[in-house]
Amino acid sequence: ESYDLGGHDTYMHKEISEQADAVDRALRGRIDDRFSTVHLGGLNLDAREARAVRRVKILGCGTSYHAGQIGAQMIEELARIPSDAEPASEFRYRDPVVDPDTLYVAVSQSGETYDVLAAVQELKRKGARVLGLVNVVGSAIARETDGGIYVHAGPEVCVVSTKCFTNMVVSFALLALHLGRIRDLSVADGKRIIEGLRKLPGQIDEILKGEAEVKKLAAEYADAKSMMFIGRVRGYPVAREASLKLKEVSYIHAEAYPASELKHGPLALIEPAMPTVAIVPDDDLLEKNRAALEEIKARHGRILAVAHQEQEKADHTILVPKNEPELDPILMGIPLQLLAYHTALALGRDIDKPRNLAKSVTVE
Ligand code: G6P
């Protein structure tokens with residue numbers, strides 16, 4: 001992949017379109033069918049060390065932090081290790097307890113974000129084991145960590161991250177599968193996840209073929225002053241990232257909430273002028289998510305659902321192909337990248353260089 005626009009009007013559009021190839025690259029050479037696991041050559045973590053990990057703490061900023069939130073969920077589900085993500089900028093200033101049994105993972109596209117680098121350096125100084133999940137080869141964070149995974153998204157030029165986010169989440173799925181298969185994930189489940197991973201590039205292309213429909217929806221919602229994004233458990237970080245993407249590139253105010261928290265406050269905001277984007281996968285929370293849509297409809301809110309099946313309460317549903325439930329978050333965010341892009345385009349924004357933002361923040 002090159003720095004050339006290759007016929008696209010913006011790098012954001014080019015990078016969204018490259019995601020099937022990018023994911024293919026992240027998987028290439030890493031799948032081990034014999035043991036239903038993956039090889040992650042640069043991890044520097046042997047099986048005994050991997051078994052001794054009692055917690056995983058993921059640190060990143062912006063979009064990378066959101067990728068880390070999905071990653072934490074995947075590691076907890078597949079490897080059954082308690083995991084969470086935290087903004088690196090907050091972590092380094094709250095005098096955290098650095099625990100020798102915790103595996104720290106620093107996630108960054110550029111590998112140069114100062115807050116992440118400083119968190120890594122503080123952790124190393126205290127003797128922690130820190131892995132990097134980084135795009136730019138040989139970057140500062142890649143050099144300072146004990147090992148890690150390159151996400152292989154290729155060059156990302158647009159200030160807002162799209163293909164790198166997707167590849168980060170895929171890389172977390174690989175890490176979760178690897179840790180899971182060293183611990184208690186069965187061969188059958190390992191196989192199931194591998195089959196799911198292999199399906200991703202084709203399914204991403206299928207989603208991208210729906211661009212014209214998303215463009216129409218963007219024109220319909222571009223008049224909103226503010227938008228609500230909701231999801232539950234696996235869908236919540238997807239909602240957070242989609243809301244960030246819309247804010248960054250279109251300058252429309254957006255909020256993201258767990259759908260379950262609506263009744264504890266944000267429901268007061270719902271009215272026709274405040275549309276809601278809802279992440280509604282066909283998982284064990286489907287009925288709960290549907291109940292949230294009903295609550296919104298009862299307040300005359302407009303609803304755009306991203307779902308595996310048509311949602312009766314929604315004004316519009318963007319259908320996304322189903323994968324394994326643990327991997328669904330990878331696909332559900334992609335139409336919402338297109339929604340942010342086409343909303344920004346309709347509003348005449350400077351898509352590749354949104355005001356006040358920089359691609360990488362190398363100062364405090
Ligand atoms: C900046 C960019 C964001 C990015 C964040 C982290 O704020 O504008 O798009 O997510 O930095 O960057 P990194 O290179 O560490 O992933």
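Thresholds applied
Residues numbered from 1 in each chain as written. Predicted model: local features only at pLDDT ≥ 70, side-chain atom pairs only at ≥ 80, totals over all residues. UniProt positions renumbered as here; feature names shortened; annotations may be inferred. Near = placed C-beta within 6 Å. Helix = DSSP H or I, 4+ residues; strand = E, 2+ residues; numbered from the N terminus. Nonpolar A, V, L, I, M, F, W, Y, C, P; charged D, E, K, R; others polar. Contact = placed C-beta atoms within 7 Å. Pairing = 2+ DSSP bridges. Axes fitted to C-alpha atoms, helices over the stretch in contact; angles between N-to-C directions. Right-handed = clockwise from strand over helix to strand, strands pointing away. Expected span 1.5 Å × (residues − 1). Buried ≥ 20, exposed ≤ 12 C-beta atoms within 10 Å, placed from the backbone. Parallel < 35°, antiparallel > 145°, perpendicular 65-115°, else oblique. Left-handed = near helix turned anticlockwise from the far one by under 90°. Core = buried A, V, L, I, M, F, W, Y, C linked by C-beta atoms within 7 Å.

In the nomenclature of an unreviewed UniProt entry, the chain is known as Glutamine--fructose-6-phosphate aminotransferase [isomerizing] of Streptomyces piniterrae. Turning to the chain, the UniProt record has this under Subcellular location (unreviewed entry): "Cytoplasm".

Which residues make up the site of the ligand, and what values go with them?
The local shell around the ligand holds 17 residues, among which Gly62, Ser108, Gln109, Ser110 and Thr113 are the closest. The greatest single-element share of the shell around the ligand, amounting to three residues, is contributed by helix H4 (residues 62–79). In terms of residue class, the shell around the ligand is built from seven nonpolar, nine polar and one charged.

Describe in detail the environment of Leu293, supporting the description with residues and values.
As for its placement among the helices and strands, Leu293 is situated in helix H12 (residues 286–298). Expressed as a C-alpha distance, the spacing of Leu293 and Ala173, which sit 120 residues apart in the sequence, is 29 Å. Those residues in contact with Leu293, other than ones at most four positions away along the chain, are Ala278, Ile303, Gln311, Lys313 and Ala314.

Please give an account of the sheet that holds strand S4 (residues 83–87) that cites residues and values.
Here five strands make up an open sheet; going across it, the order is S4-S3-S5-S6-S7 and the pairing parallel. What marks the edges here is a single partner per strand, and that holds for S4 and strand S7 (147–150). If you compare each strand with its neighbour and ignore which way they point, the axes differ by 20 degrees on average. Here strand S3 (residues 55–60) runs beside strand S5 (residues 102–108); their pairing, made up of five bridges, is parallel. Along S5, the bridge assignment pairs Ile58 with Val105.

Could you give an account of the pairing of S4, naming the residues involved and the relevant values?
Of the strand pairs in this sheet, S3 and S4 are connected by five bridges, and their pairing is parallel. Residue pairing across strands places Val56 opposite Ser83, the latter belonging to S4. Crossover connection from S3 via H4 to parallel S4: handedness right-handed.

Tell me about helix H8 (residues 163–182), residues and numbers included.
Over its 20 residues, H8 extends 29 Å from the first C-alpha to the last, a length consistent with the 28 Å expected when each residue adds 1.5 Å. Judged by how many residues are buried, H8 sits mostly within the fold: 19 of 20 residues are covered.

Describe the packing of H4 against helix H11 (residues 235–250), and please don't skip the residues or the numbers.
Think of two packed helices as two axes; the pair is described by the angle between the axes and how far apart they sit. Contact geometry for H4 and H11: axes closest at 9 Å, N-to-C directions at 165 degrees. Relative to H11, the element H4 is oriented roughly antiparallel. Relative to H11, H4 is oriented so that their crossing is left-handed. Facing H4, whose interface residues are Thr63, His66, Gln69 and Ile70, H11 presents Pro237, Arg240, Glu241 and Leu244. Its residues placed into classes, the contact of H4 with H11 shows three nonpolar, three polar and two charged.

Can you tell me about unusual backbone geometry, naming the residues and giving the values?
You will see that Tyr251, though not glycine, has its phi angle at about 65 degrees, which is positive. You can see Tyr251 is positioned in the loop between H11 and strand S9 (253–258). With a phi close to 60 degrees, His300 is a non-glycine residue in the positive phi region. By the C-beta count within 10 Å, which is 11 here, His300 ends up exposed.

Summarise the nonpolar core; cite the residues concerned and give the values.
Of all hydrophobic cores here, the largest spans 119 residues; its most connected members are Ile75, Ala106, Phe172, Ala173, Ala176, Ala278 and Val306. Ranked by the residues each element gives to this core, the list is headed by H8, at 12 residues. When neighbours within four sequence positions are excluded, Val306 is seen to be in contact with Val277, Ile279, Val280, Ile318, Val320, Met332, Pro335 and Leu336.

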